[in-house]
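So the chains spell out like this:
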Protein chains: 2
Amino acid sequence: MMTLTRREFGRLGALGIAARFAPVVQAQDATQRNGRKTGYAIIGLGRIADEFMRGVQLTTNSSITGLVSGHRDKADRIAAQYGVPAGSIYNYDNFDEIVHNPAIDAVYVALPNSMHAEYTIRAARAGKHVLCEKPMCTSVDDADAMIDECKKANVKLMIAYRGYYEPTNLRAVQLIRDGALGQVQAIQSALGFNIAAGEWRLNKKLAGGGPLYDVGIYCLNACRCLTGEEPSQIAAFASTIDRDGRFDEVEENVTWNMKFPSGIMASCATSYGADTAGYFKVYGSKGWLQVDQAFAREGLHLRAELQSARLDEPNPARDPSHFQAEAEHFSHCVQNGLEPKSPGEEGLRDMQCIDQIYRSAGIAS
Amino acid sequence: MMTLTRREFGRLGALGIAARFAPVVQAQDATQRNGRKTGYAIIGLGRIADEFMRGVQLTTNSSITGLVSGHRDKADRIAAQYGVPAGSIYNYDNFDEIVHNPAIDAVYVALPNSMHAEYTIRAARAGKHVLCEKPMCTSVDDADAMIDECKKANVKLMIAYRGYYEPTNLRAVQLIRDGALGQVQAIQSALGFNIAAGEWRLNKKLAGGGPLYDVGIYCLNACRCLTGEEPSQIAAFASTIDRDGRFDEVEENVTWNMKFPSGIMASCATSYGADTAGYFKVYGSKGWLQVDQAFAREGLHLRAELQSARLDEPNPARDPSHFQAEAEHFSHCVQNGLEPKSPGEEGLRDMQCIDQIYRSAGIAS
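These numbers were taken from a predicted model, which means no experiment stands behind them.

Chemist: Looking at this structure, I do not really get helix H3 (residues 47-58) of chain B. What am I missing?
Modeler: The end-to-end C-alpha distance of H3 of chain B, which contains 12 residues, comes to 17 Å, matching closely the 16 Å that a straight helix rising 1.5 Å per residue would cover. Looking at H3 of chain B, one finds that the buried residues are Ile48, Ala49, Glu51, Phe52, Met53, Arg54, Gly55 and Val56 of chain B.

Chemist: Explanation requested: the packing of aromatic side chains in the structure shown.
Modeler: Remark: the centre distance and the inter-plane angle together describe each pair of aromatic rings, the angle taken between the planes. Evaluated as defined, the whole model comprises 22 aromatic pairs over all chains. Taken together, a centroid distance of 5.4 Å and an interplanar angle of 75° make the contact between Tyr92 of chain A and Tyr119 of chain A edge-to-face. Here Tyr92 of chain A is found in the loop between strand S3 (89-90) and strand S4 (106-109), whereas its partner Tyr119 of chain A is found in helix H5 (residues 116-125), with 27 residues between them in sequence. Overall, Tyr92 of chain A belongs to the partly exposed group, its relative accessible area being 23%. Take Tyr119 of chain A: its relative accessible area is 4%, and that puts it in the buried class. Arranged with centres 3.7 Å apart and planes meeting at 10°, the rings of Phe52 of chain B and Tyr108 of chain B form a pair that is stacked. Residue Phe52 of chain B is located in helix H3, and its partner Tyr108 of chain B is located in strand S4 (residues 106-109); the two are separated by 56 residues in the primary sequence. Here Lys281 of chain A stacks its cationic end above the ring of Trp288 of chain A, 4.7 Å away from the centre of that ring.

Chemist: What is the right way to read unusual backbone geometry from this model?
Modeler: Trans is the prevailing form of peptide bonds, just as negative phi is the prevailing case for residues other than glycine. Between Lys134 of chain A and Pro135 of chain A the backbone carries a cis peptide bond, its omega angle lying at -10°. By the element assignment, Pro135 of chain A lies in the loop between strand S5 (129-132) and helix H6 (140-152). Here Ala277 of chain B, not a glycine, exhibits a phi torsion of approximately 45°, which is positive. Even without being a glycine, Gln293 of chain B presents a positive backbone phi close to 55°. Tracing the backbone through its elements, the reader meets Gln293 of chain B in the loop between strand S12 (287-292) and strand S13 (301-306).

Chemist: I would appreciate a short explanation of the domain arrangement of chain A in the present structure.
Modeler: You'll often see interface size given as the accessible area lost when the parts meet. All names here are of chain A. With domains assigned, chain A is organised as domain 1 (2-160 + 321-344) and domain 2 (163-315). Counting residues at the interface gives 22 residues for domain 1, matched by 22 residues for domain 2. Both faces considered, domain 1 and domain 2 share a buried interface measuring about 1,900 Å² in area, 59% of it formed by carbon and sulfur atoms. Our count for the domain 1 to domain 2 interface comes out at 1 salt bridge.

Chemist: Could you clarify how one ought to interpret the sheet that holds strand S11 (residues 279-284) of chain B in this entry?
Modeler: Strands pair in a sheet through their backbones, by hydrogen bonds, and they do so in one of two ways: parallel or antiparallel. All names here are of chain B. Within the open sheet, the 8 strands sit side by side as S8-S9-S10-S7-S11-S12-S13-S14. Their pairing is mixed. For this open sheet the edge positions go to strand S8 (233-239) and strand S14 (310-314), each flanked by a neighbour on one side alone. Averaged over neighbouring strand pairs, the angle between their axes works out to 10° when direction is ignored. Note that S11 and S12 share 6 bridges and pair antiparallel. Each residue of the ladder has a partner; that of Tyr283, found in S12, is Trp288. Of the strands in this sheet, S8 and strand S9 (253-259) are in contact with helix H11 (residues 344-361), which crosses S8 at around 60°.

Chemist: Help me understand the relation of the copies chain A and chain B in this model?
Modeler: Relating one copy of the chain to the other takes a rotation about an axis and a shift parallel to that axis. Of the transformation superimposing chain A on chain B, the axial component is 0.0 Å and the angular component is 180°, with the fit at an RMSD of 0.0 Å. Overall, the copies show the geometry of a two-fold rotation axis. When you check the interface residues of chain A against chain B, 100% turn up at the interface there too, and the contact is symmetric in its surfaces.

Chemist: Sorry if this is basic, but what is going on with the nonpolar core here?
Modeler: Most often, soluble globular proteins have nonpolar side chains that are buried together. With 104 residues, the main nonpolar core has Ile42, Tyr108, Trp256 and Phe280 of chain B as its most contacted residues. Take this core: its biggest share by element is 10 residues, from helix H9 (residues 211-227) of chain B. Built from parts of two domains, this core gets at least three residues from each of domain 1 (2-162 + 321-343) and domain 2 (167-316) of chain B. Beyond its immediate chain neighbours, meaning those up to four positions away, Phe280 of chain B contacts Asn169, Ala172, Gln188, Ser189, Ala222, Leu226, Leu289, Gln290, Val291, Ala294 and Phe295 of chain B. Formed by 102 residues, the second largest nonpolar core is a distinct cluster that contains Phe52, Ala106, Val130 and Cys353 of chain A.

Chemist: Is there a simple way to think about the side chain of Gln185 of chain A in this case?
Modeler: For Gln185 of chain A, the position within the fold is in strand S7 (residues 184-192). Judged by relative accessible area, Gln185 of chain A falls into the buried class, the value being 0%. There is a polar contact of 2.8 Å between the side chain of Gln185 of chain A and the side chain of Asp242 of chain B.

Here is what the cut-offs are and how they apply
- Residues numbered from 1 in each chain as written.
- Chains lettered and ligands numbered in written order.
- Predicted model: local features only at pLDDT ≥ 70, side-chain atom pairs only at ≥ 80, totals over all residues.
- Heavy atoms only, no water.
- Helix = DSSP H or I, 4+ residues; strand = E, 2+ residues; numbered from the N terminus.
- Expected span 1.5 Å × (residues − 1).
- Buried < 20%, exposed > 50% of the residue type's maximum accessible area, 1.4 Å probe, protein only.
- Phe/Tyr/Trp six-rings, centres within 6.5 Å; stacked < 30°, edge-to-face > 60°.
- Lys NZ or Arg CZ within 6 Å of the ring centre and 35° of its normal.
- Domains from an automatic or database assignment.
- Contact = heavy atoms within 4.5 Å.
- Buried area = accessible area lost by both parts, 1.4 Å probe.
- Salt bridge = Lys/Arg side-chain N within 4 Å of Asp/Glu carboxyl O.
- Pairing = 2+ DSSP bridges.
- Axes fitted to C-alpha atoms, helices over the stretch in contact; angles between N-to-C directions.
- Least-squares fit on C-alpha atoms with pLDDT ≥ 70 in both.
- Core = buried A, V, L, I, M, F, W, Y, C linked by side-chain atoms within 4.5 Å.
- Polar contact = N/O pair within 3.5 Å; in protein donor to acceptor, adjacent residues only side chain to side chain.

Put into structure tokens, the structure is as follows:
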């Protein structure tokens, strides 16, 4: 089933159907010239890791060379799919032994949020580069520590914000930078879903908080990327409406406003009680621009009504192409000693905003 | 030109094209049975009054029987169009003489915002019912006084919120009340436009404030109607980005959050510096619903993705059908001694919210 899906994507790529939306191909890398792809150990073998590994398979500069899991059976099954040798399968106890494995250049951290800091730091201490899923962690202090440890170990740290590498998101940013919208005045964005009971995301200790950590962070990050500014003021409310046991530890809804130094303002909403069909909309003096499904893995769609043009640009790229672009970029940075476009500092800034949002909403984070 | 346009609309009506979206026809009114339509004197002959008068022409229960203007030439021209006798044309000095004109049952107040209170009160004292444009006025005190004077004079007071009488807005409210969205969690809404220099709306004395009074009030009112609740908490920011002389007196942008007693949250944006293609979007546990052009006079479009259905409902109704529905309702209330669906108290509640929004944003109102 998965093989077939991978073949499908390969065929799609071969036909060049997605050419317009293909991530920019990096110039041939130094390491690649020596025939060496960046090898990733995957930490936490859940749904997102599965997407990421499928994305890596589509790259020319990355490969899966290690797995870290508490479930050996599952790890063995996945190792067989990706050709990972048994000696490169680790558990959470012997994880630090990756230091002795030269096939592992980097780790991809796809654990529950509260474990990101520990495994990023342990990976850095083992001399491995780190691609860490969002949210970076669950506190500003942890984010600081992760950045420090990666610097100390002289390894790269990138936060896996797909939007920095995804063509429709990049197109929106470019249109704004090119002045197609004139002076941007305001942004609105939302992302949420109606969560099922029992998800680890509802456990405050594992998740750090509610929908803001998990999905609202996309809106927050998008507003920062679209404006190119850091918010100077934040005001937020939180609420829990459904008393069905899901929200005993984390809140159900958060809505917040941000005022940026230029005067641009953003208003965002996130929810674990409602599907929002995630989007962002940017209002400028020369028109507006909207990206629907802006944070989804496929189905992104940009529309704009500008003085200069009316745009309607559906993006045919499908999952896991976002992860392909992300992995390709990080491997390129690792191979060429470059700083990723979404380094730890970007994650830290979002953690600082989340902290402010929770404070404003009266929630102890 | 105007005659032709009216004919066009008449033809559209005759063909029944807009039947699905036609306002509910009121049961035959007591007064109408005596052959008597409700006669309106129009105060302030600007663009919106023009739309309203064209709307009145489409009704079966209303007519234009008086005009109030500081420009006699303009009034004479319009009087000829609508068959208003010269003796029923007033200016702002002799306005109170409408008390002696039995052909005038009601007034439609379409003056700049700060004049709404004075002319509503003078009309009430002349024994005339009052249909007053939004915003109701420019202060909570004025709103209170308007309500009191109309009660004292035993005349009806209705605020001209088109959304209460417009089929697509009503359809959205009904879907929510019927539970099609499940538990509503959040709402987002925006309305704004890039204002031209020199508009009276930029004069704080006439307008009361910036885009919140003029267009943001639609978002505010929609959130109250969609939830059926009054906000318990409000947080707002305001900003002015463009320093081109337009915003010397009023702010350019306002964004605000509202938390309702049930826990539903709303985030809204309004601007005089950006076109927003006004909309509202409602997020519920069973799906979302969006109305584009929600506050426009035509082009309204409802879309929804619900568990039970996927809706895509463009509304073919065109300007001035909203005004027709509004006039029809008020005349029906006048003729049958009923309370309008958007009485003065609805306007007062919005004025109270606007006051809170400005306070939160640090603007003296």
